[in-house]
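Commentary on secondary and tertiary structure
Each chain, written out:
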Amino acid sequence: MDNSENSRPERKRYMLLTGASRGIGHATVKLFQEHGWHILTVSRQPFSETCRWPMARESHLQADLADLDGLDRLVAEVRNRLPDGELHALVNNAGISPKGPDGARLGVLDSDADTWLRVLNVNLVSTALLARALFPELMKGQGSIVNVTSIAGSRVHPFAGVAYAASKAGLAALTRELAHEFAPHGIRANAIAPGEIDTSILSPDTARIVERDVPMHRLGTPQEVAEAIHFLCSGHSSYINGAEIHINGGQHV
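Residues numbered from 1 in each chain as written. Predicted model: local features only at pLDDT ≥ 70, side-chain atom pairs only at ≥ 80, totals over all residues. Heavy atoms only, no water.

The secondary structure content of the protein amounts to nine helices and seven strands. Residue burial in the protein is summarised as follows: out of 253 residues, 48% are buried. Sequence-distant contacts, at least 24 apart, represent 73% of the contacts inside the protein between residues at least 6 apart. (Helix = DSSP H or I, 4+ residues; strand = E, 2+ residues; numbered from the N terminus. Buried < 20%, exposed > 50% of the residue type's maximum accessible area, 1.4 Å probe, protein only. Contact = heavy atoms within 4.5 Å.)

Here's what the structure looks like:
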């Protein structure tokens, strides 16, 4: 019996991760690398020496997702880095939530057209355009799309502004649309909706929300979010499509 097929090393899996500069993005990169994935990271910031995972510098792509005219350049560079033209996961984690003076929440009366355009371009429109542009690579890799929404997309949040909330609600709808349209081509699309996660961007008053609104009375960790993302990109979730998984300790109930 010829065992040469079984003796071949597993083909390298490639993931494109936006919003990789901190928090959930960092934890996701670390976990996927532990599972043998090759990660391409996108951030509007240049490469930072604080990113200490293997091949971090070589894997970093600098792009401002608010500038939709720059997406073609980003996609071309991604294609150049996929040796077999296969993309196995697209994780859309990038998101911005502008604040007013002293970190104040921006409501409808405080949000001008520029604020709306920047937030929607980064949090929603660029996500749809990346999925559209990388459809051939995702189809060839039978890939999985994971969109990072938010608890703010389904309820009024005391800190998240209106443009951010609307963009995340739109991202949940986009996830359903992608799941419906892409599934016949072997591409699954799902979302995760984090609540209060222990990252550097927490509001000073988050402790009050956790005590009042989170039944588990604690913050979530970036590692717990990363584990859910990995699950949705693995074969263990092969029949999950169009779902939005709440990661918030029961805050949504």
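By definition, the strands of a sheet pair up through backbone hydrogen bonds, in either a parallel or an antiparallel sense. With respect to topology, seven strands assemble into an open sheet ordered E3-E2-E1-E4-E5-E6-E7, the strand pairing being parallel. Pairing within the sheet leaves two strands with one partner each, and these edge strands are strand E3 (60-62) and strand E7 (244-247). Adjacent strand axes in the sheet meet at a mean angle of 20 degrees, parallel and antiparallel pairs treated alike. Looking at chain direction, strand E4 (residues 89-92) and strand E5 (residues 144-148) are connected through four bridges and run parallel. Residue pairing for E5: Leu90 is matched across the bridge by Ile145. In the packing of helix H7 (residues 162-182) onto the sheet, the strands contacted are E5, strand E6 (188-194) and E7, and the crossing angle to E5 comes to about 170 degrees. Of the strands in this sheet, strand E2 (37-43), E4, E5, E6 and E7 are in contact with helix H9 (residues 222-232), which crosses E6 at around 170 degrees. (Pairing = 2+ DSSP bridges. Axes fitted to C-alpha atoms, helices over the stretch in contact; angles between N-to-C directions.)

Before going further, it helps to spend a moment on empty space enclosed by the protein. Enumeration over the complete set of coordinates arrives at one cavity of 30 Å³ or more. Each pocket or cavity is described by its volume, and for the largest cavity that value is around 30 Å³. Taken together, Thr18, Leu65, Asn92, Ala94, Val122, Ser126, Thr127 and Leu130 make up the lining of the largest cavity. When residues in the lining of the largest cavity are grouped by element, the largest group, four residues, is from helix H5 (residues 113-133). Classifying every residue of the lining of the largest cavity gives four nonpolar, four polar and no charged. (1 Å grid on protein atoms, 1.4 Å probe; cavity = no way out; pocket = protein on both sides within 12 Å on 5 of 7 lines; lining within 4 Å. Points joined across faces, edges and corners; volume = space filled by probe spheres on them. Nonpolar A, V, L, I, M, F, W, Y, C, P; charged D, E, K, R; others polar.)

Turning to the packing of aromatic side chains, a few remarks are in order. The final tally for this structure, using the stated rule, is two aromatic pairs. Plain terms: the ring middles of Phe32 and Trp37 are 5.1 Å apart, the flat faces sit at 75 degrees to each other, and that makes the pair edge-to-face. On the basis of relative accessibility, which here comes to 4%, the residue Trp37 falls in the buried class. (Phe/Tyr/Trp six-rings, centres within 6.5 Å; stacked < 30°, edge-to-face > 60°.)

Next up on the list: unusual backbone geometry. Unusually for a residue other than glycine, Asp102 sits at a positive phi of about 60 degrees. In this structure, Asp102 sits in the loop between E4 and H5. With phi around 50 degrees, Gln142 is a residue other than glycine that occupies positive phi space. Within the secondary structure, Gln142 is located in the loop between helix H6 (135-141) and E5.

A separate point is the nonpolar core. Grouped together as the largest cluster of nonpolar side chains are 32 residues, with contacts concentrated most on Leu16, Leu74, Val78, Leu87 and Ile145. Taken together, the elements giving at least two residues each to this core come down to strand E1 (13-18), E2, helix H4 (71-80), H5 and H7. Not counting residues within four places of it along the chain, the set of residues in contact with Val78 comprises Leu16, Leu40, Leu61 and Leu134. Counting 20 residues, the second largest nonpolar core, distinct from the first, contains Leu17, Val29, Ile39 and Val225. (Core = buried A, V, L, I, M, F, W, Y, C linked by side-chain atoms within 4.5 Å.)

Another aspect to go through is a negative patch on the surface. A cluster of acidic residues, Asp64, Asp67, Asp69 and Asp72, forms a negative patch at the surface. Position of Asp72 relative to the elements: it lies in helix H4. (Patch = residues over 30% accessible without salt bridge, like charges linked within 9 Å, V, L, I, M, F, W, Y side chains within 5 Å. Areas by Shrake-Rupley, 256 points an atom, 1.4 Å probe, with all protein chains shown as cover. Salt bridge = Lys/Arg side-chain N within 4 Å of Asp/Glu carboxyl O. Lys, Arg positive; Asp, Glu negative; His and termini not counted. Charge placed at Lys NZ, Arg CZ, Asp CG, Glu CD.)

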